[in-house]
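Now for the letters of each chain:
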Amino acid sequence: MFKKVLFALALGAAASGALAWPNKPVTLLVPFPPGGSTDLIARQLSSKLGEKIGGTVIVDNKAGATGTIGAAQVARSPADGHTLLVTSLGPLVIAPHLIKVSYDALKDLDPITVVVQAPNVLVVPAASPYKTLADVVAYQKAHPDRMTFASSGNGSSDHLTAELYWLESGTTGVHVPYKGGGPAVSDLLGGQVDASFQNVNTVFQQIKAGKLRALAVTGAKRSPVLPDVPTMAESGLPGFDVGGFFGLYGPPKLGADLVKKINEATRRALLNPELQKAWGEQGYVVWSGSPEQLAQRATAERAMWGPVTKGISVD
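Residues numbered from 1 in each chain as written. Predicted model: local features only at pLDDT ≥ 70, side-chain atom pairs only at ≥ 80, totals over all residues. Heavy atoms only, no water.

Caption draft 1: Structural detail: the overall build of the protein. In terms of regular secondary structure, the protein is built from 11 helices and 10 strands. Taken over the C-alpha trace, the protein has a radius of gyration of 21 Å; the compact-globule value for 315 residues is 20 Å, and the two agree within 12%. Taken along the three principal axes of its C-alpha coordinates, the protein extends 90 × 40 × 30 Å. A buried classification covers 49% of the 315 residues belonging to the protein. The contacts of the protein with a sequence gap of at least 6 include a subset with a gap of at least 24, amounting to 77%. (Helix = DSSP H or I, 4+ residues; strand = E, 2+ residues; numbered from the N terminus. Rg over C-alpha atoms; globule rule 2.2 N^0.38 Å. Buried < 20%, exposed > 50% of the residue type's maximum accessible area, 1.4 Å probe, protein only. Contact = heavy atoms within 4.5 Å.)

Structure follows, in structure tokens:
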């Protein structure tokens, strides 16, 4: 009889295990080096999420292979909600088109919620002759393969945004890859390259200081921090919509109850006024939502980037 009671208690504990979250520190794994956009987002989120769940939330960086090493580690982690992935969508919807990965991001990672989003913005040096997107298009059509576009590396969001822009506008340019956004922006400021599609948060301060000129944002709507800068669609490229989405994912088979619990805790954390103010000043827009909304966005972006990545090498 005693053994039967213990067995029943064990079954009950196992059945409620998904709801007993967290019962140890939660790790937000960032698949990029410290100091970048994703890392800063994870660190700002970690403290507020810790307050909401009444537990410890730490950040762990596992960089490499354009973010796919860290993503693969989370895909292999126990499905208990204590190891989560904070990432831009690049390792999930772009990298699989460019390199061989050990996971299917649309199946092997459970979407939880979008954290924030921020569009890219087409920027040129302050001394540039280009005042509008139309100026850039006109120059490129008159001078194919002359205008240089800096990026943080082959296969990066800023690189592929330029590739998509060339396809949509019927123009061609010269891609100049750098080893990170910092060097790319540095040479852009120095006039060594002509233009770049950088994430708003990366160049917002330089735009505000008048060191860079913003010509168009790549999202469907204008950026709240750049309200006077038109969208690509408003500037002559209808339907152009590229955004920087940062999402929260977990290992596969978390279960609906646990996904719901993590989603709700994260969304409550994202309502923190200090967090929203800090991110707003950096050019981010908080966009918490359902797991289904994140899954739909990832699926749409995977399909969108397929044709754009053809013939591109990340070597």
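Caption draft 2: Representation of the pattern of salt bridges in the model. Applying the stated rule across the entire model yields seven salt bridges. With a closest N to O distance of 3.6 Å, R302 and D104 form a salt bridge. Of this pair, R302 sits in helix α11 (residues 291-309) while D104 sits in the loop between α4 (90-98) and β4 (110-125); the two residues are 198 residues apart in sequence, bridging distant segments of the chain. Under the relative-accessibility criterion, R302 is labelled buried at 18%. A salt bridge links E234 to R222; the shortest N-O distance between them is 3.0 Å. Of this pair, E234 sits in the loop between β8 (212-217) and β9 (243-250) while R222 is found in the loop between β8 and β9, placing the two residues 12 residues apart along the sequence. (Salt bridge = Lys/Arg side-chain N within 4 Å of Asp/Glu carboxyl O.)

Caption draft 3: Highlighting the packing of helix α6 (residues 157-169) against α11. At a minimum axis separation of 10 Å, α6 and α11 run at an interaxial angle of 75°. Relative to α11, α6 is oriented roughly perpendicular. For the pair α6 and α11, contact is made by L160, T161, E163, L164 and L167 and by W305, V308 and T309, respectively. Considering only residue class, the contact of α6 with α11 consists of five nonpolar, two polar and one charged. (Axes fitted to C-alpha atoms, helices over the stretch in contact; angles between N-to-C directions. Parallel < 35°, antiparallel > 145°, perpendicular 65-115°, else oblique. Nonpolar A, V, L, I, M, F, W, Y, C, P; charged D, E, K, R; others polar.)

Caption draft 4: A look at the side chain of S151. For S151, the location among the structural elements is in strand β5 (residues 148-151). Not counting residues up to four positions away in its chain, the partners in contact with S151 are S156, D158, H159, H175, V176, P177, Y178, G180 and A184.

Caption draft 5: Just helix α7 (residues 181-189), in detail. For α7, every residue scored as buried is listed here: A184, V185 and L188. Across the axial projection of α7, the buried residues extend over an arc of 95°, all falling on one side. Taken together, the buried residues of α7 touch β4, β5, β7 (195-199), α8 (200-208) and β8. Just beyond α7, the residue with positive phi is G191, at close to 80°. (Arc of directions from axis to C-beta.)

Caption draft 6: Representation of the nonpolar core within the structure. Residues L85, L92, F149, Y165, M232, Y249 and W305 are the most contacted members of the largest nonpolar core, which totals 43 residues. The element contributing the most residues to this core is α6, with five residues. With sequence-adjacent residues up to four places away left out, L85 is seen in contact with L29, P31, G70, A71, V74, L92, L109, G247, L248 and Y249. L45, V116, A118 and V259 belong to the second largest nonpolar core, which has 29 residues in total. (Core = buried A, V, L, I, M, F, W, Y, C linked by side-chain atoms within 4.5 Å.)

Caption draft 7: Spatial organisation of the pairing of strand β2 (residues 57-61). Residues of β2 alternate between two faces, with V57, V59 and N61 buried on one and I58 and D60 left unburied on the opposite face. Pairing geometry for strand β1 (residues 26-30) and β2, over five bridges, is parallel. Looking at β2, one finds that V26 is bridged to V57. Since β1 and β2 lie parallel, the crossover through helix α2 (residues 37-53) that links them has a hand, and here it is right-handed. (Pairing = 2+ DSSP bridges. Right-handed = clockwise from strand over helix to strand, strands pointing away.)

Caption draft 8: Here's a closer look at the packing of aromatic side chains. Counted according to the given criterion, the structure contains seven aromatic pairs. Ring plane angle 85° and centroid distance 5.9 Å describe the contact between F246 and Y284, whose orientation is recorded as edge-to-face. Of the two residues, F246 sits in strand β9 while Y284 sits in the loop between α10 (273-281) and β10 (285-286), which places them 38 residues apart along the sequence. Judged by its relative accessible area of 5%, F246 falls in the buried class. Since its relative accessible area comes to 5%, Y284 is described here as buried. Ring pairs connect the aromatic residues F149, Y165, W166 and F197, which therefore count as one cluster. (Phe/Tyr/Trp six-rings, centres within 6.5 Å; stacked < 30°, edge-to-face > 60°.)

Caption draft 9: Looking closely at unusual backbone geometry. Put simply, W21 and P22 share a cis peptide bond, and its omega is -5°. Here P22 is to be found in the loop between α1 (2-15) and β1. The phi dihedral of K253 is positive, around 65°, even though this residue is not glycine. Relative to the assigned elements, K253 resides in the loop between β9 and α9 (256-270). Exposure remark for K253: the relative accessible area of 77% places this residue in the exposed category.

Caption draft 10: How the structure looks around α6. Across its 13 residues, α6 extends 18 Å between first and last C-alpha, which sits within 8% of the 18 Å expected from 1.5 Å per residue. Within α6, the full set of buried residues consists of D158, H159, L160, T161, A162, L164, Y165, W166 and S169. G170 lies just past α6 and shows a positive phi near 70°. (Expected span 1.5 Å × (residues − 1).)

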